[in-house]
Amino acid sequence: MAFTLYNAPQSTCSQRVRFVLNAKQLPFREIHLDLLAGDQLKPEYLALNPNGVVPTLDHDGQIVIDSSVIVEYLDEVEPGRANFTPRDPVKRAAMRSLMRFIDEMPAAAVRVPTFNLAFLPRFAAMSEEEFTAFAESKPLRKEFMLAMGRKGFPQKDMESALARLRRTYERMDEAIRDSGGPWLLGADITLADVSVMPAIVRMADLNRESDWADLPRVVKWFELIRAQPAFKPTYYPGSLLTERFPHLQKGAA
Ligand SMILES: N[C@@H](CCC(=O)N[C@@H](CS)C(=O)NCC(=O)O)C(=O)O
């Protein structure tokens, strides 16, 4: 079986899929897209993924899109190795509920600080016409880009994104407490943990680790996921924003 992953090193959604492929020790070929250059908007890529976003998985010619769908798919086609889906239907439903919450809350919220702090200089350097054309060409994120504009999201949008992230850390803390931990749903790591991981790594990379320092269960969870054998190969050099955007290294967040 051959897996090809269209993705980007720093893309949080891509990192979920890389983690699962690595944990299952499934060899995969990576095709890197430069998202700031607009590789995801080229017609040949849109033919694979009409949303114009990464990741996209090609499994022996079968195309699967959306990171949450891809990680569930991988557990279905390769259930034997490092399974991330509980057998018990009730627990499985709890995992999926958390995954929906994660996609709606932290995965969306994290884009605001990411764009404002890391990508903005790139957009600020474009002319208004170039920027508008770039935004208009995005099937999924057109309105998001236009709302951001070349000057970035206003402070109140940053604050509301950070508030939504804070509610995520609190939800994680409750889930770990109620399940007995150390993972969100108990003794075993599940796709819910994998889904939220990149948002937490991103906020730590943006120097915001202190935002959950008062939640020791979350602190422990973060240590534990970083110690997983799949973590290092997933976050290979170039996967963090601070590696690509040196202006972030001083802790501009
Ligand atoms: N729900 C989708 C979202 C994918 C997504 O937003 N990908 C981002 C990177 S994490 C992207 O490709 N952005 C490119 C753009 O906004 O043009 C998934 O989980 O796969």
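Please refer to the structure placed before this passage.
Rules and cut-offs
Residues numbered from 1 in each chain as written. Predicted model: local features only at pLDDT ≥ 70, side-chain atom pairs only at ≥ 80, totals over all residues. Heavy atoms only, no water. Helix = DSSP H or I, 4+ residues; strand = E, 2+ residues; numbered from the N terminus. Contact = heavy atoms within 4.5 Å. Pairing = 2+ DSSP bridges. Near = heavy atom within 4 Å. Polar contact = N/O pair within 3.5 Å; in protein donor to acceptor, adjacent residues only side chain to side chain. Areas by Shrake-Rupley, 256 points an atom, 1.4 Å probe, with all protein chains shown as cover. Nonpolar A, V, L, I, M, F, W, Y, C, P; charged D, E, K, R; others polar. Axes fitted to C-alpha atoms, helices over the stretch in contact; angles between N-to-C directions. Parallel < 35°, antiparallel > 145°, perpendicular 65-115°, else oblique. Phe/Tyr/Trp six-rings, centres within 6.5 Å; stacked < 30°, edge-to-face > 60°. Buried < 20%, exposed > 50% of the residue type's maximum accessible area, 1.4 Å probe, protein only. Lys NZ or Arg CZ within 6 Å of the ring centre and 35° of its normal. Salt bridge = Lys/Arg side-chain N within 4 Å of Asp/Glu carboxyl O. Left-handed = near helix turned anticlockwise from the far one by under 90°.

Trainee: What am I meant to see in the side chain of T114 here?
Mentor: Turning to its location among the elements, T114 is positioned in helix α6 (residues 111–124). Ignoring any residue separated from it by four or fewer positions in sequence, one finds T114 in contact with F119, R202, L206 and L241.

Trainee: Whenever I open this one, the pairing of strand β4 (residues 62–65) confuses me. Can you help?
Mentor: Each regular strand shows side chains that alternate between the opposite faces of the sheet. When strand β3 (residues 56–59) meets β4, the two strands line up antiparallel, connected through four bridges. Opposite L57, over in β4, you have V64 as the bridge partner.

Trainee: For this particular structure, what's the right way to read the site of the ligand?
Mentor: The immediate surroundings of the ligand are formed by 13 residues, with Q40, V54, S67, K138 and R141 found nearest. Contact between the ligand and S67: an oxygen atom at 2.6 Å from a side-chain N or O atom of the residue. Coverage of the ligand by the protein amounts to 88% of the 520 Å² it exposes when considered alone. The class makeup of the residues in the shell around the ligand is five nonpolar, four polar and four charged.

Trainee: Is there a simple way to explain the packing of helix α9 (residues 155–179) against helix α11 (residues 216–226) in this structure?
Mentor: The geometry of α9 relative to α11 is characterised by a closest axis approach of 8 Å and an angle of 85 degrees between their N-to-C directions. Relative to α11, α9 is oriented roughly perpendicular. Contacts from Y169, M172, D173, I176 and R177 of α9 reach α11 at R217, V218 and W221. Among the residues making up the contact of α9 with α11, the classes are represented as five nonpolar, no polar and three charged.

Trainee: I'm lost on the packing of aromatic side chains in this one. Help?
Mentor: Aromatic ring pairs are reported here in terms of the distance separating the ring centres and the angle at which the planes meet. All told, the structure shown has twelve aromatic pairs when counted by the stated rule. Geometrically, the ring pair formed by W212 and F222 is edge-to-face, given 5.9 Å between the ring centres and 85 degrees between the ring planes. In this pair, W212 sits in the loop between α10 (191–205) and α11 while F222 sits in helix α11, placing the two residues ten residues apart along the sequence. Here the two residues W212 and F222 agree in accessibility, since each one is buried. Put simply, the rings of F115, F119, F123, F131, F134, F144, F153 and F245 pair up and form one aromatic cluster. When the ring centre of F101 is taken as origin, the NZ or CZ atom of R171, which lies over that ring, is 4.1 Å away. Directly above the aromatic system of F222 lies the positively charged group of R226, at a separation of 3.9 Å from the ring centroid.

Trainee: In this structure, what is going on with the pattern of salt bridges? I would like to understand it.
Mentor: Pairing is possible between side chains of opposite charge, provided their charged atoms come close. Summed over all chains, the structure comprises 14 salt bridges. Between K24 and D75 there is a salt bridge, and its shortest N-O distance comes to 2.6 Å. Highlighted residues: K24 in the loop between α1 (12–23) and β2 (28–32) and D75 in helix α3 (residues 67–77), separated in sequence by 51 residues. In this structure, K24 and D75 share a single accessibility class: buried. Salt bridges linked by common partners bring R166, E170 and D214 together as one network.

Trainee: How do you make sense of the sheet that holds β2 when you look at a structure like this?
Mentor: Note on sheets: strands pair through backbone hydrogen bonds, and any given pair is parallel or antiparallel. In spatial order, the strands read β2-β1-β3-β4; together these four strands make up an open sheet with mixed pairing. The open sheet is flanked by β2 and β4, the only strands paired with a single partner. When strand polarity is set aside, the average angle formed by the axes of neighbouring strands in this sheet is 20 degrees.

Trainee: Would you mind going over the side chain of E78 with me for this structure?
Mentor: Summarising the element assignment, E78 is placed in the loop between α3 and α4 (89–104). With residues near it in sequence (within four places) discarded, E78 still touches M1, K24 and L26.

Trainee: Help me understand the packing of α4 against α9, please; the structure alone is not making it clear to me.
Mentor: A packed helix pair is summarised by two numbers, namely the angle formed by the two axes and the spacing between the axes. One way to put it is that α4 packs onto α9 with a least axis distance of 10 Å and a crossing angle of 160 degrees. Here α9 runs roughly antiparallel to α4, going by the angle between their axes. Between α4 and α9 lies a crossing of left-handed hand. Contact residues: L98, F101 and E104 in α4; R164, R167, T168 and R171 in α9. Looking at the contact of α4 with α9 residue by residue, the class counts come to two nonpolar, one polar and four charged.

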